[in-house]
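One letter stands for each residue in the lines below.
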Amino acid sequence: MGIVPEMANAYVDLSAWNNLMLIGALYGVPKKQRTERADNLLKKFELQERRNHVVKGFSKGMKQKLLLCMALISEPQILFLDEPTSGLDVESQRLIKDTIRAYNANGTTVFLTTHNMEEANQLCDRIAIINHGKIADIDSPERLRLRSSGLQSIEVSFDKPVNTEELLSIKGVEKAAKMGDKLKLYVDKTSPVIDALVDYSRSNGLNIVTINTLAPSLEDVFLKLVKES
Amino acid sequence: MENNLWEKFKQSLAIVEKNIRIYYSKGPVIIFGLLMPFFLFLAFYIGRNTPIEELIPGLLGMTAFFTATSVGPAIVPWEARAKTLERLISSPVSLRTIFMGDVLSSFVFGVLVSALAVAASLLFGVGIINPLLLCFGLVLSTFCFASFSILLSAYPPTDNPATIMMLSSMIKFPLIFISGVFIPIEELPVWGRAISSISPLTYFMDLARYSIQGTSYYPIAVDILALIVFTVAFLFVAIKIHEHTILKRL
């Protein structure tokens with residue numbers, strides 16, 4: 001079992017290499033194998049040049065990569081990851097996500113704890129939504145979305161600013177929220193509201209720049225489940 | 001079974017290597033393990049006309065005791081603070097294996113520095129009547145003191161190394177004064193001798209005096225047996241307390 005905790009807990013007074021050798025030894029990996037694996041992992045995560053540097057001087061991204069190397073040195077069958085990409089740059093996030101996918105494809109079971117719904121959506125086959133320490137729901141991402149059919153939404157943007165309150169008066173709109181230069185409207189049924197929006201724009205001298213219908217996001221599902229529970 | 005024990009020993013050695021790399025150079029270890037016994041010895045030695053043969057057992061006793069008890073107490077609170085304790089106990093390594101690694105790293109530090117003290121004594125021209133017994137006693141008592149060191153860190157379950165180092169000093173200093181380091185046991189009053197018998201350092205001092213000066217207060221077998229009993233008791237009690245308190249440190 002490999003673990004990547006949320007809080008970096010590599011030994012900061014040891015080098016990256018010595019951290020890997022220690023964890024390999026504690027997991028009973030024979031010396032030759034752990035040397036080979038440590039070499040490969042450090043190359044893969046672009047830490048090879050810093051292998052003999054103490055971890056104290058590493059950036060957050062480097063520490064996170066090292067933690068993943070430490071979790072992988074024993075080639076675990078089960079991998080626990082707690083917020084593995086939190087606070088990392090886009091490139092490091094992608095590298096870590098690709099690695100998780102590759103290990104999962106090779107048969108490693110991955111448990112991922114995250115507050116990032118998009119990350120869960122991209123990486124997980126099954127998602128458990130936990131509220132106050134209890135599982136509120138568990139299923140595949142798409143099934144969770146389908147189960148929340150009442151949470152369809154329309155994302156619309158106009159060429160001029162619009163009062164959100166006015167849109168709430170359109171029949172079928174349950175909630176309206178401003179998202180950057182767009183407005184997100186939560187609706188029961190999409191097509192009558194789209195018609196109403198077109199009428200609204202004509203009667204107010206507005207042009208619709210973009211309009212999209214959206215299935216409920218995992219974030220919506222999460223919020224709904226949390227409210228219900 | 002044998003294979004399993006060997007695996008555990010190898011895991012303990014990995015912990016020893018880690019401890020050596022990290023903790024031997026930490027400030028509290030240097031201060032309490034090296035500087036303190038050295039200056040205590042100087043304070044005791046300078047200005048006195050005592051023959052060096054009478055002083056060397058005291059130097060060896062303080063060196064072995066302070067060095068072997070300087071690394072152990074620092075490790076657990078330090079690791080708790082750095083959150084690396086969480087990593088250690090989530091790895092497939094038993095608490096006993098982890099603490100055996102801590103004891104061994106304290107032991108190695110104690111033996112190495114004590115060996116230097118013995119070498120310095122020989123340079124000063126001190127004659128050792130029974131060098132084998134002195135070496136055996138030094139190894140046994142250093143292991144005993146190293147076991148004592150993990151007991152010192154067992155309670156309170158704090159993540160502040162300074163708290164443990166301070167509490168350790170409050171226990172270690174009185175032991176120095178009641179163990180025949182500065183005054184031979186036979187010169188202590190009856191109540192002093194009774195108190196000194198509860199200190200493991202007393203038995204090493206007795207062994208060291210016998211090895212260097214040829215006289216001892218207790219029979220040598222009693223000294224050896226007492227050190228073995230203290231070692232087993234320290235290990236047993238320390239591990240029991242750590243097993244109960246370890247989760248409070250996370």
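Structural data are supplied above this passage.
This report concerns the structure included in the present document. (Residues numbered from 1 in each chain as written. Chains lettered and ligands numbered in written order. Predicted model: local features only at pLDDT ≥ 70, side-chain atom pairs only at ≥ 80, totals over all residues. Heavy atoms only, no water.)

**Digging into the overall build of chain A**
Moving on, step 1. Scanning chain A for helices and strands turns up 9 helices and 9 strands.
Moving on, step 2. Whereas a compact globule of 229 residues would reach a radius of gyration of roughly 17 Å, chain A reaches 24 Å, over 25% beyond that.
Moving on, step 3. Its C-alpha atoms put chain A at 75 × 35 × 30 Å along the principal axes.
Moving on, step 4. Here chain A holds 229 residues, and the buried ones make up 45% of them.
Moving on, step 5. Residue pairs at least 24 apart in sequence account for 65% of intrachain contacts in chain A once pairs closer than 6 positions are excluded.
Moving on, step 6. If you sum the accessible surface of chain A, you get close to 12,500 Å²; carbon and sulfur atoms cover 50% of it.
Moving on, step 7. Side chains of chain A give 30 positive and 30 negative charges; the mean places of these two sets differ by 5 Å. (Helix = DSSP H or I, 4+ residues; strand = E, 2+ residues; numbered from the N terminus. Rg over C-alpha atoms; globule rule 2.2 N^0.38 Å. Buried < 20%, exposed > 50% of the residue type's maximum accessible area, 1.4 Å probe, protein only. Contact = heavy atoms within 4.5 Å. Areas by Shrake-Rupley, 256 points an atom, 1.4 Å probe, with all protein chains shown as cover. Lys, Arg positive; Asp, Glu negative; His and termini not counted. Charge placed at Lys NZ, Arg CZ, Asp CG, Glu CD.)

**Focus: the pattern of salt bridges**
All names here are of chain A.
Moving on, step 1. Using the criterion set out here, one finds 13 salt bridges over all chains in the structure.
Moving on, step 2. Of the charged contacts, one joins Asp 39 and Arg 51 as a salt bridge, the two residues approaching to 2.9 Å between their closest N and O atoms. You can see Asp 39 sitting in helix α2 (residues 31–44) and its partner Arg 51 sitting in the loop between α2 and α3 (60–72), a full 12 residues away along the chain.
Moving on, step 3. Here Asp 98 and Arg 101 are joined by a salt bridge, their closest N and O atoms 3.2 Å apart. Residue Asp 98 and its partner Arg 101 are located together in helix α4 (residues 90–105), separated by 3 residues, close to a single helical turn.
Moving on, step 4. Its relative accessible area of 40% is what places Asp 98 among the partly exposed residues. (Salt bridge = Lys/Arg side-chain N within 4 Å of Asp/Glu carboxyl O.)

**Considerations on the sheet that holds strand β6 (residues 152–158) of chain A**
Residues and elements named next belong to chain A.
Moving on, step 1. Spatially, 4 strands are ordered β7-β8-β6-β9 in an open sheet, and the strand pairing comes out antiparallel. Only two strands of the sheet have a single neighbouring strand rather than two, namely β7 (173–179) and β9 (208–214). Each strand axis lies, on average, 20° off the axis of its neighbour in the sheet, ignoring direction.
Moving on, step 2. Here β6 pairs with β9 via 6 bridges, running antiparallel. Residue Ile 154 lies in a different strand from β9, and its bridge partner there is Thr 213.
Moving on, step 3. Across the sheet, helix α8 (residues 190–203) is in contact with β6, β7, β8 (182–187) and β9; its angle to β6 comes to roughly 15°. (Pairing = 2+ DSSP bridges. Axes fitted to C-alpha atoms, helices over the stretch in contact; angles between N-to-C directions.)

**Details of unusual backbone geometry**
Moving on, step 1. At the junction of B:Tyr155 and B:Pro156, the peptide bond is cis and its omega measures out at 0° in the coordinates.
Moving on, step 2. For B:Pro156, the position within the fold is in the loop between α7 (131–152) and α8 (161–178).
Moving on, step 3. At A:Glu83, a position not held by glycine, the phi torsion is positive, near 45°.
Moving on, step 4. Within the secondary structure, A:Glu83 sits in the loop between β2 (78–82) and α4.
Moving on, step 5. A:Glu83 sits in the buried class, given a relative accessible area of 10%.
Moving on, step 6. One non-glycine residue, A:His132, lies in the positive phi region at around 50°.
Moving on, step 7. By secondary structure assignment, the location of A:His132 is in the loop between β4 (127–131) and β5 (134–139).
Moving on, step 8. Take A:His132: its relative accessible area is 76%, and that puts it in the exposed class.

**Regarding the packing of aromatic side chains**
Moving on, step 1. Considering all chains together, one arrives at 17 aromatic pairs over all chains under this definition.
Moving on, step 2. Among the aromatic side chains, those forming a connected cluster through ring pairs are B:Phe65, B:Phe66, B:Phe145, B:Phe148, B:Phe173, B:Tyr203, B:Tyr217, B:Tyr218, B:Phe230 and B:Phe234.
Moving on, step 3. Positioned above the aromatic ring of A:Trp17 is the side chain of A:Arg51, whose terminal nitrogen or guanidinium carbon lies 4.0 Å from the ring centre. (Phe/Tyr/Trp six-rings, centres within 6.5 Å; stacked < 30°, edge-to-face > 60°. Lys NZ or Arg CZ within 6 Å of the ring centre and 35° of its normal.)

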